[in-house]
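Remarks on the overall topology
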Amino acid sequence: MATIDGRPAQYGISLKQLRELMEHRGREGVAMIGEFGGIHELCKKLYTSPNEGLSGSKADEEHRRETFGSNIIPPKPPKTFLTLVWEALQDVTLIILEVAALVSLGLSFYKPADEDAPVLQEEEEHHGWIEGLAILISVIVVVIVTAFNDYSKERQFRGLQNRIEGEHKFSVIRGGEVCQISVGDILVGDIAQIKYGDLLPADGCLIQSNDLKVDESSLTGESDHVKKGPDVDPMVLSGTHVMEGSGKMIVTAVGVNSQAGIIFTLLGAAVDEQEAEIKKMKKGESDGRTPMKGSQAQAQASSQRQTVSEGTKSESDGNHVPQSSSTSAPAETGHKKEKSVLQAKLTKLAIQIGYAGSTIAVLTVIILIIQFCIKTFVIDEKPWKNTYANNLVKHLIIGVTVLVVAVPEGLPLAVTLSLAYSVKKMMKDNNLVRHLDACETMGNATAICSDKTGTLTTNRMTVVQSYICEKLCKVLPTLSDIPQHVGNLITMGISVNSAYTSNIMGGKNPGDLPIQVGNKTECSLLGFVQALGVKYQSIRDEIPEDKFTRVYTFNSVRKSMGTVIPRPNGGYRLYTKGASEIIMKKCAFIYGHEGTLEKFTRDMQERLIREVIEPMACDGLRTISVAYRDFVPGKAALNEVHIDGEPNWDDEENIMSNLTCLCVVGIEDPVRPEVPDAIRKCQRAGITVRMVTGDNINTARSIASKCGILRPNEDFLILEGKEFNRRIRDTNGDIQQHLIDKVWPKLRVLARSSPTDKYTLVKGIIDSAVSENREVVAVTGDGTNDGPALKKADVGFAMGIAGTDVAKEASDIILTDDNFSSIVKAVMWGRNVYDSIAKFLQFQLTVNVVAVIVAFIGACAIQDSPLKAVQMLWVNLIMDTLASLALATELPTPDLLLRKPYGRTKPLISRTMMKNILGQALYQLFIIFSLLFVGDSILDIESGRGQELNAGPTQHFTIIFNTFVMMTLFNEINARKIHGQRNVIEGLLTNPIFYTIWIFTMISQVLIIQYGKMAFSTKALSLDQWLWCVFFGIGTLVWGQLITSVPTRKLPKILSWGRGHPEEYTDAMNLGEERFDSIDSDKKPRAGQILWIRGLTRLQTQVIGGELQERLIPVPYSKSNTDQAIRVVNAFRQGLDARYGEHTNTSLAEVLRKQTSLSKRLSETSSIEYADNIPDELTIPEIDVERLSSHSHTETAV
C-alpha cells in the first residue's frame, strides 16, 4: 500500500464527501459529523491532530494539494497587449482619422484623365500619398502609446494586488507550533485558529469554540450573526466574518471546492452567458431594449466578471438597460462615496472642452469647404473634376485633427498616471491604497478622527505600576513581595484568562526587545507575569483551552473578559480582567495588607479610584483590574459561592458579581516619537485632529496633551461617550444634527467611546453645514466594529498590523505600519495629485486654445491650416501622452502642507492658472500670427500662403510649426508651478521622468524638422532660422515672469473655472448612464463625449480594475441578468439550511448584493478602483450600527 510520509496515501474521506458535508448547517451538520464518528474521527480520517496539526512536511503538503486542491481561485488572465491595442483603436476620433487617411491615400493614387493638367504637377503628384500614410502611422503611434500605458498600469495594479494578497496571513497549527501562513498555503486538514475580526479563508468544522458568532451575510444575505459551536452549528464557511469569540477548526474545503469557490465557479458560468447576451445586444438584437453603447457594455461585462453586485435591486423593469458603472455611480443623496471632487470637476471640464472642440472643428470644415467651392466654382468658374474630391478630404482631415487636438484625451491618462504613480510611491510611505481616489480625497481632508492605541502610541504596552494588597509600586514588584496565595491567583488568572493566541516571543537577536504577538494589552500582562519570574506557558500547558468551561470574550460592551475553569477539588473558578472602573463596581472583596481578605466597601472603592486609578490615568497609563470568584459544591468561604449543580453560565450579570479584586495595574503605551510633529504639520495644513478612544478620559487627556492634539490657550472639549450622547440627543433619545453642530467644532477628545459614537461623530461632521465647505473626514480604525465609521468617512484608514480583516475590508487605505505620521504623508500625496493634474491642465489648455484658434483662423484667412494634420497629431502626442507622463509624476514637497485644504468648492482652474493660460496663449498667438502674415518678409523666405493643394512643404510654415512646438516645450517648464511661484526651474532635476521626456521631445522635434520632409510637411531650416524658433520659445519663460507680476487678486472671479459644489455637476457625472439609456439611436452623443466616456471607461474598467479578480464595483443588473444570477445561486442555495427559510427573488438578489465581501475572499484581499460607487453596506449594514456595537469591540477599548 502506498504511503506518504509514513501514513497511507488513501484518505479516510473523499473530496466529494467533504463537499457534501459542508452543505449541511446547524443540527444537520452536527448529525453529519456524527455519522463520520465525530470531529476527532474526522481529524483521523484526514491524518491530522487537533492539538499538533499537520506535520508540515513538503511531501504531505504536496499530496494534500493534489488530492483536495489549493486555496487559490485562479484569476482571469490579464488582457493581452493586442487586446489593449484593439481597445485603443475603438476611439471615435481616431477612427474618423483612419478613414479619412485611407480615403486620402486612395485618392492620391486615383489619376483621372485630365487634359488640362499642367505637366509640372506630375512631379509632385507622386508625393501625394505620403500625407495619408503619415497620418495612418501617427494614429498607430498614438494607439501603441495608449495601449502601452494601459498595459504597464495593468501590470502595476496586478503587482499591487499581489502585494495586498501577500499581506493576508492566517494562524494555523503545524507540528504543534502556532504559525502564520499565507492564506493561499492553507490545506485541507490544517488546524486553524479563528478569532474575532477574522475573514475566514476556507471552509471548516469547529473542534472547539468560545462565544463564537459569525456574520454569514456575504453568503446568505441574512444580517443576523449566527452562533457557532461544535454542538450547535459546527460549519464555518469561507468569506464569512468572525464577529465575536474565538475557536479552532479543521479545514475541510479550500479554493474552488469551498462554498465561496463553488458560487464563484457557478457565477463565472453565468457571467460567460451574460457576456454572450451583451454581445447580442451590441449587435442590436434588442428585445424592446436599446443596445448599450460599446463603452457601457464593455464596462459592464468587465465589472460583472469581477463580482456579483451590491448594486440595485432586481425590481428594474425588463425594458430598462442597466446603468453602467463605467463612468460613475448616480450621485445618491447623502451617500458616502460621492464622486470624488476632482473626478466630478474633470468630467464636466472635459465635456465642455469636447463641445467647444467639436463646434470649432465642424466650423473649420464648413468654412474651408465653402471657401474652396466659392473660389473654384464661383470665382474661377471651373467645372467639377473628380480630383477635387481629394481637396474635400484634406479639409475634412484638418477638421478632424482640430478635434483631436481640442479633446483632451490626455486628461484621463494624466489622472490615472498621477494616481497610479502616487499609489506606487505611497506604498513606500506605508500607505497601501485600496481605492484610487482615496489618495486624491486625502488632499482635501479637513478633519482626521484617529484612534489612540497603536496609531498615536507605539502599541508596545508594558506594565509600569501595580497596586497589590494595598501596596502601590511604581516599579515592578518581585514574587516574594506578594503574599504567595495572591501571587499564584494573579499569575494563574492572567495566564489562563487571556487569548492563547497572545504570546511573547524572544527577539530575533539576543539584544532585541521581545516580540508581542496578538492582543497587546494581554501581552503586557503576560510580560508582567514573566517579570514576576513565572512561566505563563507552563500554566497554559496544564490547563489547555479544551478544559475551559466557559469563556466570556472581550467586546466593547463588556469591556472585560472572563474565563471559567474547573477547580481540581470540584466546583469552578471564574477569572476576569478589564477596565478598572468597570471591574471595581463588580467587586465585593479585596486582598488587603499581607494578603488578608477584606470587604470592599463603597468608600474603599472611591478611595481606590481617587488615590490609585486616577493618578495612574493622569500619567497616561491604561488601568486594568484582575479579579476572580469561586463556585464551590461544599461549604463556602466568605468570598465563595455555594452551588449544587452547574451554575447558569448565561446569566452573566449574576456570575460576574461579588468578585474578589486581586490587583490593579497601570499599563504604559508611550506616544510614538514622530507623532507630535506629524500632528503639528496637520494643524498647520488646516486639518483638525481629533482622538476617539475607548480609554479612560484621564488617560486620553494625558496622551492628547503629549501628542499636541490639545493646545494650551485653545478652547476645546473633552467628552466621554455617555456625555457626548447626552448632548447630541433630544428628549426622545434621537440624534439631532443641530445638537451635533454645537459639539463637534470644539471637540478634540472623545473617551470611553463605542464604535457607534465614532460613527455618529463622523456622520455628524460630514453632514454638518456649519462650515462654508463640507468637511472632508478621514478616520482610522482597527476593530470589526469600526467598519461603519470607516465606510462612512471620506477616507477610511485601517491598521495593517493591529487591524482586523473586517476593518481592512471597509477601508480605503491600509496603514502598513499603523503609524499616524503615514497619514500625513497620505495628505501630502493627495494634495500632490490635485496639483499634478492642475499643472497638466494649465499646460494642456494653453496648447488646446492656441492650436484650435490657429487652425480655425488659418482656415478662414488663408484657406489652409498653418499646422498640418500630421504636425497636429505630433503636438497632440507631446501635450497629451508625454506631458501627462512628465507633469503627473512630480514628487510632493513639504510646502504642500503649508496651505489650507482646497475644499470641495475650490475652482479646478484657479484665477492664477487662468491668468497663465490666457497670458501664454496671447503670447503664442501673437508670435504665430505675426509669423504667418509678416514672417515671410521679415525672415526673407518664400511665403507659404495660398499654395496649391499638392505643393511641397515651405520653410515659412515649417518655421511656424517649429516655433509653436518650441513655445509649447518651454511652456511645459512654466506649467510646473501653479501657485504663481517665480522660480519655475526649482526641483527640475528631482524629476528624471520630466527632463528625460523633455529632452527626448526636443531631439525628436529636430529630427522631424530636418528630415521629416513630405511626411511631416516640413522643410529643413538653417541655423539662424532655428535660433529664431528657440528664441521665441525661450520668450515664453520671460513672458511667464511678466504674467506672474500681474496681481491675481485684481482679476475678476469669473476667470476661475469649476467653482461651486461638485454636487452641482451631477448632470455631467451621470453622463454615460441614464442619459444614454433612453437615447434614440439617432441622438448619438457628441464625439467629444464618447471619447471622454471611453477614456473614463477604459480608465475605470481595464486600467484601474485591471481585470482584477475581485473588485467592489457594483454592477446594477437588469431584470434578466438578475434572473440569471438567481438561477446560479439557486443551485448553491439547495445546500442552505432550512433555517434561512425560502428566499424570495428579492432576498436572493440580496444574496447576490451581499457578495461583495465574498469577492474579497476570492483573492483574499482588497480592491483597487474608484471608490465612488461602492455601496454603503459592504459587510456591515449601516442600520445595524446601534445593535452591532453591543456585539463586538474595538480591540483598543479595554
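Just above sits the structure.
Residues numbered from 1 in each chain as written. Predicted model: local features only at pLDDT ≥ 70, side-chain atom pairs only at ≥ 80, totals over all residues. Heavy atoms only, no water.

1. Details of the overall build of the chain
When helices and strands are counted, the chain shows 41 helices and 29 strands. Within the span of the chain, comprising 1198 residues, buried residues form 62% of the whole. Once local pairs closer than 6 in sequence are excluded, the contacts in the chain between residues at least 24 apart make up 78%. For the chain, the exposed surface amounts to about 45,100 Å²; the carbon and sulfur share of it is 58%. (Helix = DSSP H or I, 4+ residues; strand = E, 2+ residues; numbered from the N terminus. Buried < 20%, exposed > 50% of the residue type's maximum accessible area, 1.4 Å probe, protein only. Contact = heavy atoms within 4.5 Å. Areas by Shrake-Rupley, 256 points an atom, 1.4 Å probe, with all protein chains shown as cover.)

2. Here's the deal with the environment of T553
Assignment of secondary structure puts T553 in the loop between β16 (550-552) and β17 (560-566). Considering only alpha carbons, one finds T553 and D211, 342 residues apart in sequence, at a separation of 6.6 Å. Not counting residues within four places of it along the chain, the set of residues in contact with T553 comprises N210, D211, E244, G245, S246, R558 and S560.

3. What about the nonpolar core?
If you look at the biggest cluster of nonpolar residues, it comprises 148 residues, and the most contacted ones within it are M442, F797, F820, L841 and I909. Here this core takes 22 residues from helix α29 (residues 820-862), the largest share from any one element. Every residue in contact with F820, bar those within four places of it in the chain, is listed here: I448, S450, T455, L456, V675, A678, I679, C682 and V689. (Core = buried A, V, L, I, M, F, W, Y, C linked by side-chain atoms within 4.5 Å.)

4. What to know about the pattern of salt bridges
A complete count under the given rule lists 35 salt bridges for this structure. Where R622 meets D695, a salt bridge forms, and the shortest distance between an N and an O atom there is 3.3 Å. With R622 in strand β21 (residues 621-632) and D695 in the loop between β24 (688-692) and α23 (697-707), this pair connects stretches of sequence that are 73 residues apart. For D677, the salt bridge goes to R680, with nearest N and O atoms at 3.5 Å. Here the residue D677 and the residue R680 both occupy positions in helix α22 (residues 675-684), the gap between them amounting to three residues, near one helical turn. Among the residues examined, D677 registers a relative accessible area of 34% and is labelled partly exposed. Among the residues examined, R680 registers a relative accessible area of 46% and is labelled partly exposed. By sharing partners, the salt bridges in this structure join D211, R550, R558, D650 and E652 into a single network. (Salt bridge = Lys/Arg side-chain N within 4 Å of Asp/Glu carboxyl O.)

5. Quick notes on the packing of aromatic side chains
Across all of its chains, the model carries 16 aromatic pairs by this definition. Taking the centre distance of 4.9 Å and the plane angle of 55° together, the rings of Y11 and F68 count as tilted. On the criterion of sequence distance, the pair formed by Y11 in the loop between β2 (7-8) and α1 (15-21) and F68 in helix α4 (residues 58-68) is long-range, its members being 57 residues apart. Each residue in the set Y11, Y47 and F68 is aromatic and connected to the rest through ring pairs, giving one cluster. Sitting above the plane of the Y902 ring, R899 keeps its charged end 4.0 Å from the centroid. Here the basic side chain of R976 rests over the ring of F994, its NZ or CZ set 5.6 Å away from the ring centre. (Phe/Tyr/Trp six-rings, centres within 6.5 Å; stacked < 30°, edge-to-face > 60°. Lys NZ or Arg CZ within 6 Å of the ring centre and 35° of its normal.)

Everything listed is a geometric property; what it means functionally is a separate question.
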